[in-house]
Amino acid sequence: MDWFTSYFLSGKNFEQLAQKFVPHYSTLISKAGGILSQESVERIRRVFQEGTLKEVVEEIQEALQKSENAPLDVAVIGQSGSGKSSFINALLGLGHEEEGSAHVGVVPTTMKKTPYQHPKYPNVTFWDLPGTGTPNSLPDSYLEIVGDDDYDFFIIISSSRFSSNDALLAQKIKEKGKNFYFARTMVDVELHSEEKSKPITFKKERVLQQIRDDYLAILSNIGVSNPCVFLVSNFHPDKFDFPRLQETLLQDLPAHKRYTFVLQLSNLSDAFIEVKRVILKEKIWLNALKSAALAIIPFMAFFSGFDLPKQEKCLNLYRSYFGLDEQSVKEIAQKLGTSVQEIKSSTKSLDFWLFVKNDSIAAKAMKCAESFCSVNGGLRSSIFQFLKVYFLRLKFINTVADDVKMLLHKTLGS
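Given the structure is predicted, the values throughout are model-derived calculations rather than measurements.

## Some thoughts on the side chain of Thr 399
As for its placement among the helices and strands, Thr 399 is situated in helix H19 (residues 378-413). Not counting residues up to four positions away in its chain, the partners in contact with Thr 399 are Lys 348, Ser 349 and Phe 355.

Put into structure tokens, the structure is as follows:
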């Protein structure tokens, strides 16, 4: 019997629950940081110690809604013709000709700041700002554009050398108290050119380090202190520094905005899938804690419990988060040159009823025990609902994530 079960069965109060359970939140936090700030965790602990059941539920619900509804606005700015629009499409996971993609052209196509909402997560907006280095982009007027809106951070793009205009931009952004990052695009083109001109001595990692060191020196010389430079390819967002850039952005965001940022991450690698899995596990903790608080009331679990319809809705939501919704599965099948049915037969999370079916005696006994506890309410019912919600949701997330990894490896292999 673990500490959580023995605690509830011994009839301790909310204050002891806070002392025992809330600190365990820290064990769920990824290296990139959690979706709850330390202040939020302290408020949840305090309301367990001092508040009523209603206040406990309201505090948890507020924490959930704050992470789910947080807007995220990313400004992409830099030299005209440097691939800003292509960079945004890479972040959106869209091809240049798909609906909702940023306009791409051989001549400057962005004449005014243009918002591009994420196709699945409308809270996420990427702003394509007019390019610098053209007659229509004088420094003074351009810096006014930077100051117009409350962007969460800025990504300064260049496909060649960063300029004094970029230094001015960085200085203005710094004055606003915002983070900025330099992304050097088309690094794949430069590598190809270097390999073609020096086929014998060419070494990829050495060339990349030379490019990175060169840009760090240039930015330092034009007045940018401690610059963050990422070498990227808009056509290969799974390679070079693109994953590291997204990980850095995640770490630097306020806690309540990390959830929004993680959801829009494409499944480019096992590492990205793992980050998404860990962040979603934090939300499971909140959902389970809320269910545990409500289950203290007799019969409440019958009305607000995690029943089969809610389980199916939850699994479908996780599938959508990881890119395994119906439309995405069709696209994966097309990439692999196979049928949707073949994809479904090789995965575990795409058939809900087959996934949750359990006619064992143990499962039936657990159902009877749940009903008995729910009728009486109290701490036994609370622990039962916490464990049920937490471990079922955890099972859903782990299975979906494992399915996505398997399909990713098949796609890369093909």
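## A short note on the environment of Ile 156
Mapping Ile 156 onto the fold places it in strand E4 (residues 153-158). Using a relative accessible area of 0% as the deciding quantity, one classes Ile 156 as buried. It is 8.3 Å that separates the C-alpha atoms of Ile 156 and Leu 169, two residues lying 13 residues apart in sequence. Ignoring anything within four residues of it in the chain, the contact list for Ile 156 reads Ile 77, Phe 162, Asp 166, Leu 169, Ala 170, Ile 173, Phe 180, Tyr 181, Phe 182 and Ala 183.

## Describing the packing of aromatic side chains
Overall, the coordinates contain 14 aromatic pairs when judged by the stated rule. Relative to Phe 242, the ring of Phe 87 lies with its centre 5.4 Å away and its plane at 25 degrees, an arrangement referred to as stacked. Here Phe 242 lies in helix H10 (residues 242-252) and Phe 87 lies in helix H5 (residues 84-92), a separation of 155 residues in the sequence. Of the two residues examined, Phe 87 and Phe 242, each falls in the buried class. Seen from their ring centres, Phe 352 and Trp 353 are 4.9 Å apart, and the 75 degrees between their planes marks the pair as edge-to-face. Overall, Phe 352 belongs to the buried group, its relative accessible area being 6%. Judged by its relative accessible area of 49%, Trp 353 is partly exposed. One aromatic cluster is present, built from ring pairs that chain together Tyr 121, Tyr 259, Tyr 318 and Tyr 321. The aromatic ring of Phe 322 is capped on one face by Lys 276, whose charged end is 5.8 Å from the ring centroid. The ring of Phe 355 carries the charged tip of Lys 395 above its face, separated from the ring centre by 4.9 Å.

## Re the pairing of E4
Counting buried positions along E4 yields six of six residues, so the element is predominantly enclosed. The alternating pattern of E4 places Phe 153, Ile 155 and Ile 157 and Phe 154, Ile 156 and Ser 158 on opposite faces, both of which are buried. Note that strand E1 (residues 72-78) and E4 share five bridges and pair parallel. Note on E4: the bridge partner recorded for Val 74 is Phe 153. The sheet contact formed by E4 and strand E5 (residues 179-184) spans six bridges and is parallel. Residue Ile 155 lies in a different strand from E5, and its bridge partner there is Tyr 181. Following the chain from E4 across helix H7 (residues 164-175) to the adjacent parallel E5, one finds a crossover that is right-handed.

## What about the packing of helix H14 (residues 308-321) against H19?
Taken N-terminus to C-terminus, the directions of H14 and H19 make an angle of 35 degrees; their axes are 9 Å apart at the nearest point. Taken as a pair, H14 and H19 cross one another with a handedness that is right-handed. Taking contact as the criterion, the partners of Gln 311, Cys 314, Leu 315, Tyr 318 and Arg 319 in H14 are, on H19, Lys 388, Leu 392, Arg 393, Phe 396, Ile 397 and Val 400. Taken together, the residues of the contact of H14 with H19 break down into seven nonpolar, one polar and three charged.

## Notes on the confidence of the model for the protein chain
This prediction gives the protein chain a mean pLDDT of 81; 84% of its residues lie at or above 70. Across the protein chain, H14 holds the top mean pLDDT of 93, while helix H1 (residues 3-9) sits lowest at 40. Segment residues 1-13: pLDDT under 50, and 24 contacts once partners within four positions in sequence are set aside and those in other chains are kept. Long-range and interchain partners of residues 16-21, a stretch whose pLDDT sits below 50, account for 18 contacts in this model, where long-range means more than four residues apart.

## Concerning the sheet that holds strand E6 (residues 229-231)
Spatial ordering of the open sheet is given by E2-E3-E1-E4-E5-E6, a layout of six strands whose pairing is mixed. Each edge of the open sheet is held by one strand with a lone partner, namely strand E2 (114-117) and E6. Neighbouring strand axes in the sheet, compared pairwise and without regard to direction, differ in orientation by 25 degrees on average.

## Brief notes about H5
Judged by how many residues are buried, H5 sits mostly within the fold: nine of nine residues are covered. Taken as a whole, H5 has its buried residues at Lys 84, Ser 85, Ser 86, Phe 87, Ile 88, Asn 89, Ala 90, Leu 91 and Leu 92. Summarising the contacts, the buried residues of H5 are in contact with E1, E2, strand E3 (124-128), E4, E5 and H10.

## Focus: unusual backbone geometry
Positive phi values are uncommon outside glycine, yet Met 186 reaches one of about 60 degrees. With respect to the secondary-structure elements, Met 186 resides in the loop between E5 and helix H8 (187-197).

## Structural notes on the nonpolar core
One finds Phe 87, Phe 153 and Phe 322 to be the most contacted residues of the largest nonpolar core, which totals 79 residues. Once residues within four sequence positions are removed from consideration, Phe 153 is found in contact with Leu 72, Asp 73, Val 74, Ala 75, Asn 179, Tyr 181, Leu 249, Leu 253 and Phe 261. Grouped together as the second largest cluster of nonpolar side chains are 24 residues, Ala 75, Phe 162, Phe 180 and Val 224 included.

## Describing the side chain of Asp 152
Relative to the helices and strands, Asp 152 is located in the loop between helix H6 (139-148) and E4. Side-chain polar atoms of Asp 152 contact the backbone nitrogen of Asp 73, separated by 2.7 Å. A polar contact of 2.6 Å, which involves the side chain of Asp 152, links it to the side chain of Lys 257. In contact with Asp 152, other than residues within four places in its own chain, are Pro 71, Leu 72, Asp 73, Lys 178, Leu 253 and Lys 257.

## As for the pairing of E3
The buried fraction of E3 amounts to five of the five residues, a majority that puts the element mostly inside the structure. Residues of E3 alternate between two faces, with Val 124, Phe 126 and Asp 128 on one and Thr 125 and Trp 127 on the opposite face, all of them buried. In the sheet, E2 pairs with E3 via four bridges, with the strands oriented antiparallel. Each residue of the ladder has a partner; that of Pro 115, found in E3, is Trp 127. A loop of six residues connects E2 with E3, the two strands running antiparallel in sequence.

The rules we used
- Residues numbered from 1 in each chain as written.
- Predicted model: local features only at pLDDT ≥ 70, side-chain atom pairs only at ≥ 80, totals over all residues.
- Heavy atoms only, no water.
- Helix = DSSP H or I, 4+ residues; strand = E, 2+ residues; numbered from the N terminus.
- Contact = heavy atoms within 4.5 Å.
- Buried < 20%, exposed > 50% of the residue type's maximum accessible area, 1.4 Å probe, protein only.
- Phe/Tyr/Trp six-rings, centres within 6.5 Å; stacked < 30°, edge-to-face > 60°.
- Lys NZ or Arg CZ within 6 Å of the ring centre and 35° of its normal.
- Pairing = 2+ DSSP bridges.
- Right-handed = clockwise from strand over helix to strand, strands pointing away.
- Axes fitted to C-alpha atoms, helices over the stretch in contact; angles between N-to-C directions.
- Left-handed = near helix turned anticlockwise from the far one by under 90°.
- Nonpolar A, V, L, I, M, F, W, Y, C, P; charged D, E, K, R; others polar.
- pLDDT = per-residue confidence, 0-100.
- Core = buried A, V, L, I, M, F, W, Y, C linked by side-chain atoms within 4.5 Å.
- Polar contact = N/O pair within 3.5 Å; in protein donor to acceptor, adjacent residues only side chain to side chain.

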